[in-house]
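# Close look at the chain arrangement
Now for the letters of each chain:
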Amino acid sequence: MKRILVLLAALLLGAAAAQAPGRLALEPLDGVVGTAVSAVATGLTPGTEVELVWISADAAWNVGDGTFHGITAEETRTVLATATVSAAGEASFEFTVPEDYGYVHNVFVEAGGELQARSGFTVVPSLSISPASGPVGTPITVTMKGVGYRFWESVWHLLYDGAHTGWVSAITSQGTAVFTIPATGEVGLHTIQAISGTHPVPYLNQQQSPNFKPAVPTVLGAMFEVTEGPAVMPPAPEAMTLPRAEAVSSTADGPSLSLDHGSGTVGSPVEVSGAGFPPGATVDLMWSTVTGNRISGQGWEEVERQLQQVQADASGAFTLALATPDDLGGAHTLRAVAGDAQASVSYVITPSVVTLEPKVVEPGGDITITLKGVGWTQTANIYALLIDNGYVGYGCGFNSQGDLTIFLKAPGREGTHFIGIYPSIYQGEVTSPGGPTTPDANATYLQLPMLHFQDHPGEELPAFVLAFEVRSD
């Protein structure tokens, strides 16, 4: 038996040698994005044209019909450099670490698509901020590079002065996350730190976990100084909504229906035009939505109601102005019906902030915040809220048809305070490359503020920063 094992080991080593006859040495073996790296391959066939290939991934959120299923990824290959093997069997390359996902990447030397040598390089995550000082309310741009896409590498938690602010991902932005938070707190130095860990809260002793990568730091940090001066106020809430989509029209043969915008916030005007309907007919404009919730056990269903009636003219055309209905965020079908003649288009309601009251409040006083157009899918039905960069909780707009009203108590410290409202993910399967075989949604990043909200899965959703003053009269 021992001899058989020895022979088997020899065969396996031989096969490995046949696959990669040479060796590849990298200097250094790890570094942040932009690091200069020297690569030397030895043991190659002289005169061969070879390529240095960087292995990465095309990662994406896995989102179904209103459901969330984690992350998918497909391998990608990028040629970093080429060389001709010397008479001594060596090939030398120089490259700069590309802006890419963090953690371990395979680096191959190939000739005609055949593997000649291999090594691994670790892209080390990094964090920087700009500016480094300013009055309270100053927008602090945080840039993280080298964020991973695999299960244990895809999440970093941000803390401001030790308070949990939210989490950062960079799935759709190839490992780079750029986002902004307001400077909060009293005059003086404040700590911003990022801690890795695919959990609801930061995993504080990551270096002792079975998934620890020695070259990768578990904590990244920066300091911001709040200086004297008037508070820097955020833009008006309406300036932070999503831009309206362009005009949309029905595509089926027969009668036609058109909207001058394909999306809008609750209350925004929409011009509706129809053509090809029976002359002089009464046309019903029907609106589809979803009603119900995920909690009561009764489920939810798609329903349709009459929004308005309009009279077609002698040519079968009509035009009217509507206000975007006060309803759930997301796509809705607007259908024009006159007997057997009908046409339909899709219209998307996007979230907006309609209330922050009062703007000036006494210490411990009551604050009311209302959003409209909050969605119903697993990725759009909740928004998470921060006060002064500390996570407070989340609110859901599904059961209330997109209306999300939050009641809070003002902080006790006088001065200007800031509320952050960020998209989140309510529930779903949290699967991704390198993750556990049995996903556990209770041990992951769900229901947390997505600070890099541009990376939000599924729907494009805005984030909002609001300000109010605490003052004793």
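## Considerations on the environment of T379
In this structure, T379 sits in the loop between β28 (366–372) and β29 (382–387). On the basis of relative accessible area, T379 is assigned to the buried category, the value being 2%. Between the alpha carbons of T379 and L52 there is a distance of 40 Å; along the sequence they are 327 residues apart. In terms of polar contacts, T379 uses its side chain to reach the side chain of E459, at 2.7 Å.

## Quick look at the sheet that holds strand β13 (residues 163–168)
Read from one edge to the other, the open sheet built from five strands follows the order β10-β16-β15-β12-β13, with strand pairing classed as mixed. Two strands lie at the open edges of the sheet, namely β10 (133–134) and β13, each paired on one side alone.

## Observations regarding the sheet that holds strand β9 (residues 126–130)
Taken in spatial order, the three strands make up an open sheet running β9-β11-β14, and their pairing is antiparallel. On the outer flanks of this sheet lie β9 and β14 (177–182), each paired with one strand and no other. The sheet shows a mean angle of 25° between the axes of neighbouring strands, taken without regard to direction. Of the strand pairs in this sheet, strand β11 (residues 139–145) and β14 are connected by six bridges, and their pairing is antiparallel. In the sheet register, P139 faces β14, and the bridge partner there is P182.

## Some thoughts on the nonpolar core
When a protein is soluble and globular, its nonpolar side chains tend to lie buried together. Of all hydrophobic cores here, the largest spans 31 residues; its most connected members are L127, I140, M144 and I181. Going through the elements one at a time, β9, β11, β12 (156–160), β14, β15 (188–196), β16 (219–226), β32 (415–423) and β33 (464–470) are the ones with two or more residues in this core. No other element matches β16, which puts four residues into this core. If near-sequence neighbours (up to four positions away) are discounted, M144 is found in contact with S126, L127, W156, V168, G175, T176, A177, A194 and L220.

## Re the environment of A132
Looking at where A132 falls in the secondary structure, it is placed in the loop between β9 and β10. Each C-alpha atom, one on A132 and one on E225, is 6.4 Å from the other, the two residues being 93 residues apart in sequence. The contact partners of A132, leaving out residues within four places of it in the chain, are M223, F224 and E225.

## What to know about the packing of aromatic side chains
Any two aromatic rings considered together are summarised by their centre-to-centre distance and by the angle between their planes. Within the structure shown, the criterion is met by 15 aromatic pairs. When the ring of F151 is compared with that of W152, the centres are 4.7 Å apart and the planes differ by 85°; the resulting orientation is edge-to-face. Its relative accessible area of 29% is what places W152 among the partly exposed residues. For the pair W287 and Y347, a centre-to-centre distance of 6.5 Å together with 55° between the ring planes defines the contact as tilted. Taken together, the positions of W287 in strand β21 (residues 282–292) and Y347 in strand β25 (residues 341–349) put the pair 60 residues apart, joining distant regions of the chain. Across the pair, exposure class does not vary: W287 and Y347 are buried alike. Three or more aromatic residues joined by ring pairs form one cluster here, namely W54, F95 and F121.

## Describing the side chain of S263
With respect to the helices and strands, S263 occurs in strand β19 (residues 263–264). Look past the residues within four positions of S263 in its chain and what remains in contact with it is P243, R244, A245, Y347, V348 and T350.

## Brief notes about the pairing of strand β20 (residues 269–275)
Only one face of β20 is covered, namely the face carrying V270, V272 and G274; the face carrying P269, E271, S273 and A275 is uncovered. Bridge analysis of strand β18 (residues 256–259) against β20 gives four bridges, and the strand direction is antiparallel. Paired with S256 across the two strands is A275, which belongs to β20. By the bridge criterion, six bridges tie β20 to strand β23 (residues 318–323) in an arrangement that is antiparallel. When the bridges of β23 are listed, V270 appears paired with L322.

## Considering unusual backbone geometry
Following E27, the chain continues to P28 via a peptide bond in cis, the omega torsion being 0°. In this fold, P28 is placed in the loop between β1 (23–27) and β2 (30–31). S130 connects to P131 through a cis peptide bond whose omega is -5°. With respect to the helices, strands and loops of the structure, P131 is situated in the loop between β9 and β10. The phi torsion at D388 lies on the positive side, around 50°, for a residue other than glycine. By secondary structure assignment, the location of D388 is in the loop between β29 and β30 (390–396).

## Observations concerning the pairing of β15
Look at any regular strand and the pattern is simple: side chains alternate between the two faces of the sheet. As defined by bridge partners, β12 adjoins β15 across five bridges and the pair is classed as antiparallel. Note on β15: the bridge partner recorded for W156 is S196. As paired strands, β15 and β16 are joined by eight bridges and run antiparallel to one another. Along β16, the bridge assignment pairs A194 with L220.

The rules we used
- Residues numbered from 1 in each chain as written.
- Predicted model: local features only at pLDDT ≥ 70, side-chain atom pairs only at ≥ 80, totals over all residues.
- Heavy atoms only, no water.
- Helix = DSSP H or I, 4+ residues; strand = E, 2+ residues; numbered from the N terminus.
- Buried < 20%, exposed > 50% of the residue type's maximum accessible area, 1.4 Å probe, protein only.
- Polar contact = N/O pair within 3.5 Å; in protein donor to acceptor, adjacent residues only side chain to side chain.
- Pairing = 2+ DSSP bridges.
- Axes fitted to C-alpha atoms, helices over the stretch in contact; angles between N-to-C directions.
- Core = buried A, V, L, I, M, F, W, Y, C linked by side-chain atoms within 4.5 Å.
- Contact = heavy atoms within 4.5 Å.
- Phe/Tyr/Trp six-rings, centres within 6.5 Å; stacked < 30°, edge-to-face > 60°.

In short, the description is geometric, and any link to function would need to be established separately.
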